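# Architecture and fold: a report
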Amino acid sequence: MAGPLLVVNSGSSSLKLALFKDDLETPVVSALAERLGTREARAVLKDAARTTIPLPEQAGHHAAVEALVSTLHRLEWLPNAPRGIGHRVVHGGERFKASARIDASVAADIEACAALAPLHNPANLEGIHLLQTLFPNTPQVAVFDTAFHQTLPEHAYLYALPREWYERCGVRRYGFHGTSHLYILQQTAKRLGKPPEETSLISAHLGNGCSVAAIANGRSRDTSMGFTPLEGLVMGTRSGDIDPGLFDLFRREGLQSDQITALLNHQSGLLGLSGLSNDMRTLVEAERDGHTGAKVAIGVFCFRLARYIGAMMSSLEQLDALVFTGGIGENSPEVRKRTLSHLKLLGFDVDETSNADHGHQRAGAIHTGGSRRILVIPTNEESIIARDTQYFLDSDNRHS
Ligand code: ADP
């Protein structure tokens, strides 16, 4: 019997594996290794018992993949080799407008894109190489966070810089979270009973990373992230938009370029503003207990989000729905309510009861009768990766 599909999300310090059998919406089991390369490296199987997976001290990606895969073998979730492996790859540049079957030339192109995403693509590539070593005969597919946004028009993707920066170095807005925005498009279309190519929405993916996308008739037309995932909204530890003029001040204050990168990527956002945490749940609770930093952080987060939702309207001729997703979007009625309070003039009005009801990953509508449609829909990036991988396997079968 053909083995399950394996979906791999290899981040800089984490590794997530998910196994799918016939149902490509819900994994039969998944496993997560975190804090890799540190003394706190740990791994857990997301089964009913939340089985801890032993890791060697300071385990890196290599040790983690071996430990996770051998646990999946031992517990018979993965009795033989997977039938296909799908990898999340953060940056596909302008080269990848869709998912790709991985061969030597695709791997080389992903490596070339690492110059655009030095914080992300090397870890994705490492995951690809490790799985190729473990399962040399299994087809592997790369699914790119950037691919869905390759339909952005020039006026949305160009920065107002001398054009040679785009031509020589590929400096432009790429956008990320494409698999999530695509999944939300498909689910919204399904809910509304329309074909995706006739569905227009604003998708707000609010997790540790946050982005919004304007999707017109099934195609991404604008999004808040840019050349890297740093641009746009306030995020867990990322600043989102700041004035580039600040770089002079940072340098005068003695920061080297890697320190500026760390400041903007790891010490800013909700964490930097609150001085407390990058975790929205912690901040919502702290605000209730009177923590001023938490209140300020949530306030800036919601206002920036509302401002971007307003900006996304300029790319649409009609709007079927504004959709909230991601850990915060799915679970935080407070964030949704506060964001929507800035958007009354644009016709968004939240229904307090249904907003509170949809606080626990339940899909549903949260708008009043006179409002534009506002939905909460849980995202499922793994499902898109599993389906794209299966698509390549099916087309291999058709051609064999
Ligand atoms: P990632 O981008 O790592 O996949 P998630 O989509 O899981 O992240 O989102 C993580 C964020 O969701 C965290 O800020 C977390 O606090 C927030 N979150 C999860 N549950 C709740 C909740 N009940 N209320 C507010 N925020 C929540």
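Heads up: the structure comes first, above all this text.
Throughout what follows, the structure given in this document is the object of discussion. Model, not experiment: these values are computed from the prediction.

## Focus on the packing of aromatic side chains
Scanning the model with the defined rule gives five aromatic pairs in all. With 5.8 Å between their ring centres and 45° between their planes, Y157 and Y166 make a pair best called tilted. With relative accessibility at 16%, the residue Y166 sits in the buried group. On the basis of an interplanar angle of 70° and a centroid distance of 6.0 Å, the ring pair of F247 and F250 is categorised as edge-to-face. Of the two residues, F247 and F250 both sit in helix 7 (residues 246-252), three residues apart, roughly one turn of that helix. Classification of F250 by relative accessible area gives buried; the value is 11%. The positively charged end of R168 is found above the aromatic ring belonging to W165, 5.2 Å away from the centroid. The ring of Y174 has R172 sitting right over it, with the charged end atom 4.8 Å from the ring centre.

## Thoughts on a nonpolar patch on the surface
A grouping of I242, L246 and L249 is seen on the molecular surface, where their side chains present a nonpolar patch of about 200 Å² in accessible area. Along the chain, the position of L246 falls in helix 7.

## Here we look at the pattern of salt bridges
Scanning the model with the defined rule gives 14 salt bridges in all. Of the charged contacts, one joins E94 and R172 as a salt bridge, the two residues approaching to 2.8 Å between their closest N and O atoms. Of the two residues, E94 is situated in the loop between strand 6 (84-89) and strand 7 (100-101) and R172 in the loop between helix 5 (164-169) and helix 6 (178-192); the sequence distance between them amounts to 78 residues. On the basis of relative accessibility, which here comes to 2%, the residue R172 falls in the buried class. Among the ionic pairs, R173 bridges to E231, the shortest N-O distance being 3.1 Å.

## Comments concerning the pairing of strand 6
Along strand 6, five of the six residues are buried, which leaves the element largely enclosed by surrounding structure. Taken together, the four bridges between strand 1 (residues 5-10) and strand 6 define a ladder with parallel strand orientation. Residue pairing across strands places V8 opposite H87, the latter belonging to strand 6. In terms of strand pairing, strand 6 meets strand 8 (residues 140-144) through five bridges, oriented parallel. Following the sheet pairing, G86 is matched in strand 8 by V141.

## Comments concerning the site of the ligand
Taken together, G207, N208, G209, N278, D279, M280, R281, G326, G327, I328, N331 and S332 are the residues near the ligand. Contact distances for the ligand include 2.9 Å between an oxygen atom and a backbone N or O atom of N208. Within the side chain of D279, a nitrogen or oxygen atom sits 2.5 Å from an oxygen atom of the ligand. Isolated, the ligand exposes 580 Å² of accessible area, and the fraction of that covered by the protein chains is 71%. In terms of residues, the shell around the ligand owes the most to one element, helix 12 (residues 326-331), which gives four residues. Considering only residue class, the shell around the ligand consists of two nonpolar, eight polar and two charged.

Reading the values: rules and limits
- Residues numbered from 1 in each chain as written.
- Predicted model: local features only at pLDDT ≥ 70, side-chain atom pairs only at ≥ 80, totals over all residues.
- Heavy atoms only, no water.
- Phe/Tyr/Trp six-rings, centres within 6.5 Å; stacked < 30°, edge-to-face > 60°.
- Buried < 20%, exposed > 50% of the residue type's maximum accessible area, 1.4 Å probe, protein only.
- Helix = DSSP H or I, 4+ residues; strand = E, 2+ residues; numbered from the N terminus.
- Lys NZ or Arg CZ within 6 Å of the ring centre and 35° of its normal.
- Patch = residues over 30% accessible without salt bridge, like charges linked within 9 Å, V, L, I, M, F, W, Y side chains within 5 Å.
- Areas by Shrake-Rupley, 256 points an atom, 1.4 Å probe, with all protein chains shown as cover.
- Salt bridge = Lys/Arg side-chain N within 4 Å of Asp/Glu carboxyl O.
- Pairing = 2+ DSSP bridges.
- Near = heavy atom within 4 Å.
- Polar contact = N/O pair within 3.5 Å; in protein donor to acceptor, adjacent residues only side chain to side chain.
- Nonpolar A, V, L, I, M, F, W, Y, C, P; charged D, E, K, R; others polar.

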